[in-house]
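Topology and contacts: notes
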Amino acid sequence: MALQTLAAAFKVRHDPDNLEDFSLQNFKDSNTAMPPAVPAPPYRHAAPSGPWPWMDFDVESTTSPTVIDQSWRGYPRNQFGNWTPDQVERSKMIEKCSVNASSTIYWMDVLDNGSFASPNIGGHGHTTVVGAQNVDQFWDILQEKRTEGIRVRSIFVDDLTPEVLRMLGTKYNIEPFFFTSSINWIPSRYQEAPIHKEGDHITITLPFVRTLRRNSRSTPTSATAPLQPMNLHINTQAPFPMNDGNMLFIDLLAIHMVRGVNTSTIISYHPESTWCRTSARRLHSLMQLVGGSVYWQKIFAKSKDPTFAFLAILWYPLYAWDESFELLYKHLSELESKVLQTNNMELTRELHILQAHLLQPIIRPCTLVTVTKEQRKESNDLMTRESENLLSEIDRLERRRGMLGNRLKNVMDLAFATVNLDDSRQTRKLTEATVRDSAAMKQISYLTMVFLPASFLASVFGMNVVEFNSGSLQTLSRYVEITISLTLFTVYLVVTLQTHSSFHDRNAPFMRRAVWPALTLWKAMHKTREKTVQDMV
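This report concerns the structure included in the present document. Just so we're clear, the structure is a prediction, and the values are computed from it rather than from any experiment.

Because side chains alternate across strand E3 (residues 127–130), one face comprises the buried residues Thr128 and Val130, and the other comprises Thr127 and Val129, none of which is buried. Pairing between strand E1 (residues 103–111) and E3: four bridges, direction antiparallel. What sits directly across from Tyr106, in E3, is Thr127.

The structure is reproduced here in structure tokens:
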């Protein structure tokens, strides 16, 4: 029941003014026809255990001599001394957030009785817009003590600004790797600072493939016009438009959980919501539907473990993968039909691009553990079961991806075989034409052989020499002498002007080539002498 609820929530676009409820035709007609490609992640910077975060050894590291600001404005160095200003600049965690003028934050609480509630934060409801004018007010909100009965508070952040980043990092003592990994699209998963009966931190940054479907409320014209690829390259980080107007692209799930004995916090970061990637508003609405699921309500009522809210969020990329595979299966079936009907080489290029997208890994989330021994007794069975359900779905998706990969390989083999067969037919036709031409040339050669003796005799008897014409001044011997001399001189010039020949070394200088007759004679004499010596021995 819960999976059906989440699946329905994933496929239905609720609010007309939602950024994700976006016509692909309008997307196509915009100034920028395709979303930006995801940057290549520098994986070596995604390890929180590394002693030199975001440090390049070929560049001198600099440290700031100024006094560290111990307020939230001094984050991350106010809590993590090894994060120097130089390393913060290299990670671009502040630079990439500076393009946002304000942050929109959506709040949601999971209560002790298992129900979900949207708190009224600061008297403005469950949505808070943090700009330059109300930064201090937001910091005061974070400092407020939570009311009793809140098990987990979820904070979904759209358009993260440097001020909100610093305040969240300072308030919840968040390792900067969460922000650097999510901002730079670096896959990461780790658990840190586990303290018995106090809590720990869990971070998951998970890029995944997601589908942007054509809006069902689009006009008939846009509903039939496919999205054409523009400057499409074999790049798995770039969007992949399909023939039916749908599109696959890389999305990001970045969540950080601060677990405690009394209350916990989940922080979700959402980049580039204007490009139809998953927004904080979208994930907030999906989690509200989780709260309405009977299946998950029973779980939250039985166990006080806050990790189940974290676990529910992890189902979102699985649904995205599953929906993407559905469209890929349909697209692959259409390509199979085209390959069977034609031998167009352009199809092999599209097949290679599709194969590259199928190589995107399905990353398993980290193993989640409960906080305290008491909670472990209450929720161990539930956590084991739900974790197995999640891993089972991941295994199913892996098998489906493997099936699609094998099927795609078969189609590629068929495409190449079809092209090779067509090439073989063309080669056979050319061979047959060559054989026919050879037969014709052979007949011409036979005809030439019939007239060759007569032509030779006519040329000889037509010569103006004393032996055939008593009034001539030249003789037949003089003709033979001049002919042989000119022939030898012609052979000498041809061999000399050649840059590679059996008579001299390859690329030999001109002067060495000019004396090739003497060198050839010397080599022949030298070879004869060596053979004579060997015979004597």
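Read on for the rest.
With respect to the secondary-structure elements, Arg400 resides in helix H13 (residues 373–461). The class for Arg400 is partly exposed, based on a relative accessible area of 21%. Spatially, the C-alpha atoms of Arg400 and Asp322 are 9.0 Å apart, while their sequence positions differ by 78 residues. Not counting the four nearest positions on each side in its chain, Arg400 is found in contact with Asp322, Phe325 and Glu326.

Counted by the stated rule, this structure contains 13 salt bridges. For Arg259, the salt bridge goes to Asp200, with nearest N and O atoms at 2.7 Å. Within this pair, whereas Arg259 is found in strand E8 (residues 247–260), its partner Asp200 is found in strand E6 (residues 199–212), the two being separated by 59 residues in sequence. The class for Arg259 is buried, based on a relative accessible area of 2%. Asp251 serves as the salt-bridge partner of Arg210, at 3.3 Å between the closest nitrogen and oxygen.

Attention shifts here to the packing of helix H4 (residues 135–143) against helix H5 (residues 162–171). Axes are the key here: two packed helices are described by the angle between their axes and the distance separating the axes. Where H4 meets H5, the axes come as close as 11 Å, and the angle between the chain directions of the two elements is 20 degrees. When the axes of H4 and H5 are compared, the pair comes out roughly parallel. The handedness of the crossing between H4 and H5 is right-handed. Only Glu163, Val164, Met167, Leu168, Thr170 and Lys171 of H5 make contact with H4, whose side of the interface consists of Val135, Phe138, Trp139, Leu142 and Gln143. Among the residues making up the contact of H4 with H5, the classes are represented as seven nonpolar, two polar and two charged.

Turning our eyes to something else, we now look at the packing of aromatic side chains. Where two aromatic rings form a pair, the distance of their centres and the angle of their planes describe that pair. Scanning the entire structure with this criterion turns up 13 aromatic pairs. With centroids separated by 6.1 Å and ring planes inclined at 35 degrees, the aromatic side chains of Trp296 and Phe300 adopt a geometry described as tilted. Residue Trp296 and its partner Phe300 are both found in helix H9 (residues 294–302); the two are separated by four residues, about one turn of the helix. Accessibility classification places Trp296 together with Phe300 in one group, the buried group. Ring geometry for Trp315 versus Tyr319: centroids 6.5 Å apart, planes at 50 degrees, classification tilted.

This part takes up the pairing of strand E4 (residues 150–158). The two faces of the sheet receive side chains in turn, since in a regular strand these alternate between them. Of all nine residues that make up E4, nine are buried, and the element is covered over most of its length. Bridge analysis of E1 against E4 gives eight bridges, and the strand direction is antiparallel. Bridging from a neighbouring strand, Ile105 pairs with Val157 of E4.

The end-to-end C-alpha distance of helix H8 (residues 280–291) is 17 Å, a good match for the 16 Å that twelve residues give at a rise of 1.5 Å each. Listing the buried residues of H8 in full gives Ala280, Arg282, Leu283, His284, Leu286, Met287, Val290 and Gly291.

Here we come to a nonpolar patch on the surface. Residues Phe456, Leu457, Phe461, Phe468, Leu476, Tyr479, Val480, Ile484 and Leu488 make up a contiguous nonpolar surface patch of roughly 890 Å² in combined accessible area. Elements with a minimum of two residues in the nonpolar patch: H13 and helix H14 (476–497). No other element matches H14, which puts five residues into the nonpolar patch. Looking at the element boundaries, Phe461 is found in helix H13. The exposure class of Phe461 is exposed, given its relative accessible area of 55%.

Reading the values: rules and limits
- Residues numbered from 1 in each chain as written.
- Predicted model: local features only at pLDDT ≥ 70, side-chain atom pairs only at ≥ 80, totals over all residues.
- Heavy atoms only, no water.
- Buried < 20%, exposed > 50% of the residue type's maximum accessible area, 1.4 Å probe, protein only.
- Helix = DSSP H or I, 4+ residues; strand = E, 2+ residues; numbered from the N terminus.
- Pairing = 2+ DSSP bridges.
- Contact = heavy atoms within 4.5 Å.
- Salt bridge = Lys/Arg side-chain N within 4 Å of Asp/Glu carboxyl O.
- Axes fitted to C-alpha atoms, helices over the stretch in contact; angles between N-to-C directions.
- Parallel < 35°, antiparallel > 145°, perpendicular 65-115°, else oblique.
- Left-handed = near helix turned anticlockwise from the far one by under 90°.
- Nonpolar A, V, L, I, M, F, W, Y, C, P; charged D, E, K, R; others polar.
- Phe/Tyr/Trp six-rings, centres within 6.5 Å; stacked < 30°, edge-to-face > 60°.
- Expected span 1.5 Å × (residues − 1).
- Patch = residues over 30% accessible without salt bridge, like charges linked within 9 Å, V, L, I, M, F, W, Y side chains within 5 Å.
- Areas by Shrake-Rupley, 256 points an atom, 1.4 Å probe, with all protein chains shown as cover.

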